[in-house]
Every structure is written in C-alpha cells, then in structure tokens.
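Results of the structural survey
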Number of protein chains: 2
Amino acid sequence: MREAAARLTFRDPLIELVHGAGGKATRRLIEGLFLPLLENPTLAALADAATIPLDGLRLALTTDAFVVRPLRFPGGSIGELAVNGTINDLAVSGAHPLGLLAAFIVEAGLPSDVLRAETEALARAAQQAGIVVLGGDTKVVEHGKADGLYIVTTGIGLVDARAELGPERVRPGDRILITGPIGDHGITVLLARGELDLEADLVSDTRPLTPFVAALLDAAGPGLRWMRDPTRGGVATALNELAREAGVAVLLVEEALPVRDAVRGACELLGLDPLYVANEGQLLAVVDPSVAEAALAALRRVPGGELAACIGEVRTEPAGVVTVTTAYGGQRVIDMLVGDPLPRIC
Amino acid sequence: MREAAARLTFRDPLIELVHGAGGKATRRLIEGLFLPLLENPTLAALADAATIPLDGLRLALTTDAFVVRPLRFPGGSIGELAVNGTINDLAVSGAHPLGLLAAFIVEAGLPSDVLRAETEALARAAQQAGIVVLGGDTKVVEHGKADGLYIVTTGIGLVDARAELGPERVRPGDRILITGPIGDHGITVLLARGELDLEADLVSDTRPLTPFVAALLDAAGPGLRWMRDPTRGGVATALNELAREAGVAVLLVEEALPVRDAVRGACELLGLDPLYVANEGQLLAVVDPSVAEAALAALRRVPGGELAACIGEVRTEPAGVVTVTTAYGGQRVIDMLVGDPLPRIC
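Everything in this summary refers to the structure shown in the same document. Per chain, the residues get numbers from 1 upward, laid out in the order the sequence is written. For naming, the first written chain is A and the first written ligand is 1, with later ones following in the order written. The model is predicted, so local features are restricted to residues of pLDDT at least 70 and side-chain atom pairs to those at 80 or more, both for listing and for counting; the totals for chains, interfaces and linings are taken over all residues. Working from all heavy atoms in the structure, the side-chain values ignore hydrogens and water.

**Points about the overall build of chain A**
By definition, any uninterrupted DSSP run of H or I lasting at least four residues is a helix, any uninterrupted run of E lasting at least two residues is a strand, and each is numbered from the N terminus. A tally of regular secondary structure across chain A gives 9 helices and 14 strands. For chain A, the spread of C-alpha atoms along the principal axes amounts to about 55 × 55 × 45 Å. For every residue, the accessible area obtained with a 1.4 Å probe (protein chains only) is divided by the maximum for its type, and the residue is called buried under 20%, exposed over 50%, and partly exposed between those limits. Taking all 346 residues of chain A together, the buried fraction comes to 63%. What makes two residues a contact is simply this: any of their non-hydrogen atoms within 4.5 Å. Taking the intrachain contacts of chain A between residues at least 6 apart in sequence as the baseline, contacts between residues at least 24 apart amount to 82%. Total accessible area on chain A is roughly 12,300 Å²; 53% of this is exposed by carbon and sulfur atoms. For the purpose of counting charges, residues Lys and Arg are taken to be positive, whereas Asp and Glu are taken to be negative. His and the chain ends are not included. In plain terms, the charge of a residue is placed at NZ if it is Lys, CZ if Arg, CG if Asp and CD if Glu. Averaging the coordinates of the 30 positive side-chain charges in chain A and doing the same for the 44 negative ones gives two points 3 Å apart. To measure how exposed things are, a 1.4 Å probe is used in the Shrake-Rupley method; for residues, cover is taken only from the protein chains shown.

**Focus: the relation of the copies chain A and chain B**
Of the two same-sequence chains, chain A is brought onto chain B (RMSD 0.0 Å, axial shift 0.0 Å) by a rotation of 180°. Put plainly, the chains are arranged around a two-fold axis. Among all residues of chain A, the minimum C-alpha distance to the rotation axis is found for A:Lys145, at 2.3 Å. The overlap is high: 100% of the interface residues of chain A also sit at the interface in chain B, so the same surface is used on both sides. A residue counts toward the fit only if its pLDDT is at least 70 in both copies, and the copies are then superposed by least squares on the C-alpha atoms of those residues.

**Digging into the sheet that holds strand β9 (residues 224–228) of chain A**
Residue and element names in this part refer to chain A. Any two strands between which DSSP finds at least two bridges are classified as paired. An order of β9-β11-β8-β12-β10-β13-β14 is seen for the 7 strands of this open sheet, with the pairing classed as mixed. This sheet does not close on itself; its edge strands, each paired only once, are β9 and β14 (331–333). Ignoring strand direction, the axes of neighbouring strands in this sheet form an average angle of 25°. Sheet topology note: the strand β10 (residues 249–253)/strand β13 (residues 322–325) ladder contains 4 bridges and is parallel. Fitting a line to C-alpha atoms yields each axis, with helices limited to the stretch in contact; the angle taken between N-to-C directions then spans 0 to 180 degrees.

**Details of the packing of aromatic side chains**
Between 30 and 60 degrees the pair is tilted, below 30 it is stacked and above 60 it is edge-to-face, where a pair is any two Phe, Tyr or Trp rings, Trp via its six-membered ring, whose centres lie within 6.5 Å. Applying the stated rule across the entire model yields 3 aromatic pairs over all chains. Residues A:Phe34 and B:Phe104 carry aromatic rings whose centres are separated by 4.7 Å and whose planes lie at 45° to one another, so their mutual orientation is tilted. In this pair, A:Phe34 sits in helix α1 (residues 24–38) while B:Phe104 sits in strand β5 (residues 95–107), so the two residues belong to two different chains. By relative accessible area, which is 6% here, A:Phe34 ends up buried. Lysine NZ or arginine CZ positioned within 6 Å of the ring centre and within 35 degrees of the ring normal marks a charge as sitting over the ring. When the ring centre of A:Phe66 is taken as reference, the NZ or CZ atom of B:Lys139 above it lies at 5.3 Å.

Rendered as structure tokens:
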C-alpha cells in the first residue's frame, strides 16, 4: 500500500531533463518536492486522474502539458496528442470524458498556419472522441522560447459506476493485459527529429483508449482491478509503480510482449529497451484470472486491438519488484526508468 | 448580443506577442482562428469560466497559462498568481472554487529552490483560498526554453445558485463598480524587470476575489448582472467586451476611477493609460441601479475593498462603445487594447 512506502526525498540542486522523463527522477521530484508542499489525499493517490465525489457522482479531472518535439510526427501531432493523451488519463481512471480545456503557449514568430493546423488536429481528435473544447487560454512568449508551441489540456469526465480501480484492488494471480505493441510512439518521435541516421516504417500509436476501456468494463466487470496508459517511462515504469503501490511482485513473460520488428531493431541500434519507451495509445490492465480470457478476447475485438496480449501476472514476492522471464528461461529485474533516453516525447 | 456581432477574421501570417496581450489582436485570434475550428456554444460564450450543467448543478471550469516575467515581483510571484488568477476566473463567474490542477513546464537548469519556492507560493495561495491541488503534471524542456517556469492551472468550481450572470442580463442604467485602484499589477511587473530607469513604491494587487464576489451576491442578489476581472488588456478591454457582447454603451467617469499616484506617474512617463494596464486583484461588476449603493458599501466593507468605487454606468447609445467623461467635461472613446505595451504580465 502507498502509505507503507518510504517517502522519497529530493535534494538535486537543479531541475534537469531527466526530472521530466517520467521515471525515477520524476518520482523523486513529485514525492520529494511537490507532494510534501501540496499534501492532500486526492493528490497523494498520484492517479492518472483525480477523482472527487460530487453529489453522488464521481468526477474525474486530469491535466497534462504537451511539449513534444517535433510538433508533427508520423501518425500524429501535438494538437492531436494533447486531446488523446488527456482523454486516455481519464479513460484509464474508468471515466467517460465530458469535455476538455486547452491552454496554448505560443512562441512569437510561429507561422499562424502551424497554430491553425494544430488547432484543427485538436478539434478533429476531440470530435472523434465525442467531446467538446469547453474553454481555453492563449499566451504568447518571445521568439526563441517555447519551441513553437506547448499545449496544456485538462480533461473532465465522469467515472463509470462499474469502475472500482486502484492498486489496492490488485491481487496475486491477477493477469496483466496490454492492448497492442509497445514503443511505437517514442521511437517514431525520436526518428522524426532526423538527428539519427535511421529510418523505420513506423507511426505513433496515438489514439483514444476509450473503446478499450469500454470493452474491459463490459467483459471483466468487477474483475477489472487497475489500468494505466504507459506513456513516459514506458511499460516498465508503469508496472514498477503498480508493484510499489500495490505491494506486489509483477512477473512479465518477455516472449509475450508485443513489439514490432521496426521498434525492436531501432531499440537494438540505439541501446534502448522497448519496455522503457513511451506509448500513447496502449493500455495496461490488471484483471482477475477468472475473467482474463474474456477480457483479452474483448480487447482483441476492438478495432486496433488485434495484437492485444496477456504479458504476465501479479505475484506475492518479491514485493515491489518487476521481473521478466526471458525466452531462454532466465529472469531479470526491470527497474523504473533511470535517466532520460528520449526527452520531449509527449 | 454576441450572435449579432460580425465574426472577426484572422489573416496574420505569424503569431506575435500582441496576439497574447488580451486586446484586439487576441480577440481576432480567438474569434478568427480558434472559435471557427472548435465551435460549440459553451466555448463561444467566451466567458472567464465555462459553465456546464451536471445533475442539477452548474460546474464551472477555467484554465489559464501563466508566463509572467520575472517569476517574482513585489507583492507576488508566478506560483501565487497561478492560483489567484484561476480562482478569480471562477469567482467572476459566480462560482465557489472546489479545487485546482497545476501543470508545470520547467526549464532545465532551473534551481530546484526556485521551483520549491513557487510550489510553496502556490500551496500557500491555495490554502488561503481554502482549496486543494487535486492533480498536476510536470514537463522539463531544454535550457534556454520556458524562461525558467511556466505554470498552467485549471480550476473547478460550483456556480452559486444565486448567480445569474451574463452580458445579456446587462441593462441601460446599470452601474459599474470596481473593487479598487487599477494598474498596480501591470506597472509593478514592468518595473520589476529593471529595464526601465524607474522605481515606484508599488506592489501587485494579486489576491483572491472570492470575498468580493460573496459580498456582491449577498448585497445585490439578482441585481448582480455581470462580473469580470480586468487582467490583460485592463479595464478598457474588459468593458469594451461587455459593450460589444451586451450591445450597450458604457460611460465611465474619469474622476471616479481609482488610480494610485505611483501608477499614474509611471503611466505618464511611459505613455500608458492605466485603463489598459493589467490588474490581478480587481473586479468589475455591473449591478442594477437600485442595489448599486448597497453593493458598493458591501465591497468597501471587505478588507482591501476600502477604495472600491462606482466608475460609470451602462447606456443605450452608442452601442458597443466605451466612452470616458474627463475632468474637464470632455468625452473620449476608449477602444480595446491595441498593440502590446506590457508583454508577459501574467
């Protein structure tokens, strides 16, 4: 349980890129600097979305800053990511998105057509998800700041009455499902920068996860325990957070992990592990073993979910640790992301 | 009424600082670029906060990006501003703040102590306003970007059952009230940059406006028609928006406008008009003439409201125009802010 874990401290003298990478350093920043100052039970849950009770309903709220570089990449762009990323934080909290607010921080000198294109992308993504943009704000900063455009979106939703999710609900024996191949987004954005002499036939996996969540709620019912979209820090970091927060062990089966050849190849060349690479359209779910098969079948029936897989299970020991069984029968421990191999990925 | 006004077009090839100044260019950007793409009735109202009905309640939501430079200035700082600015957008919508989300975009190389100090300022302001920080996000961008720190806050609140506010409720004869002296914030921040050889004994007016709104709701009841906090673009711009949206004339009395000597002096030296300078702790309210006296008395009883004043009234003609009567009996038209004399003020 979260309360049992020792609070991390933060003594780094400067904020560095690594503090934004979503891994260990981010966790230290959040637990060592932000939480002690902003302490309250809702924030301390560190969920993808905050849930507050209101008049018998459960309101879900989440905010996300998007600073991806470049602004456009194969399969997506910042405007579209700013909608799907926030919708997905609501979705993995079991919430149906109601609406969105968007704040734009624009660099002076940005061609208006770029801002228009990203607003169009944002509008299109919102429309596809069936939500409206309720409000916004625009600030302009001097040329040379803000890399063209940052977008911060806030989503509001209502938690599905069936959703009872949280690390405290996870039990040994539960199965771990994923909706599709990992690492596509991070590698796509990295290659789109053109700084590496490397090409791959790859697009970002950015998409709304709401259809997958609906399928899981239908198929698994109360057997659905926990969900997360493994963005910054990748699958490894998300599952380490689960292991730590739930006080359980996570055992992954390497052969079961869906990874495209192009991602595997790029990762090998770059010395990266796909388990740490960011995803923008994948969902990790923990389900009761009795409903695991039905839940996996339901995910595979969702368009785009054909490669969904069961990638491991929850164990008792060693508590707080994620281990992967390799194809050769060996085991290695998978820690949270350390360092920042892929800055500015979302 | 808003629907009657001709839609502005946006053809500027580049985004410039002026588009973030809160005046005419901002209006063109919003109406010419954002609104046509994001069209929906809630957004089109262009209110300080979006109001959505939920289960018999009225939920208010607002988001604001803070890019003020320098991060600290006499009387306040970005962390504190990020709370009060957002609370005030809720307050002028007649909403009681429930909670806040905060997204931090941090420049790599920022001393951790600066981030800690601003988080403390944010926490203190939230505590003083009686709200909690429900969630957040942190991104780090490369050194040289983001000027140290940008903060985007989103506020959620519940609209007071007594509040029925909107430009469509404003009637000729209504009185215009303000909670105190204008221009303090903008001039304070400008001088804090140290780029001008000018000093003044002045602090920002940043504060939560919730006590003033509570006083107005009590004293004016349904006679309270409209409220706005005149931040970017100042009192002149806020009242021009009112005149345009309500299809009325606004007549101000120059002598009645509370302006501190230090602000007046700095404005004269810098060629600025205090009516266009940003405020962070003032509220404009339009009230029925029958309750104007009681409402003004109520504002003056709020600590910090001693200099509240009635500064003008609503007229029929010329519709859409703000005019000021000078001390010498002359009249001049006060347009919306054109240009950007004070970039990065909030």
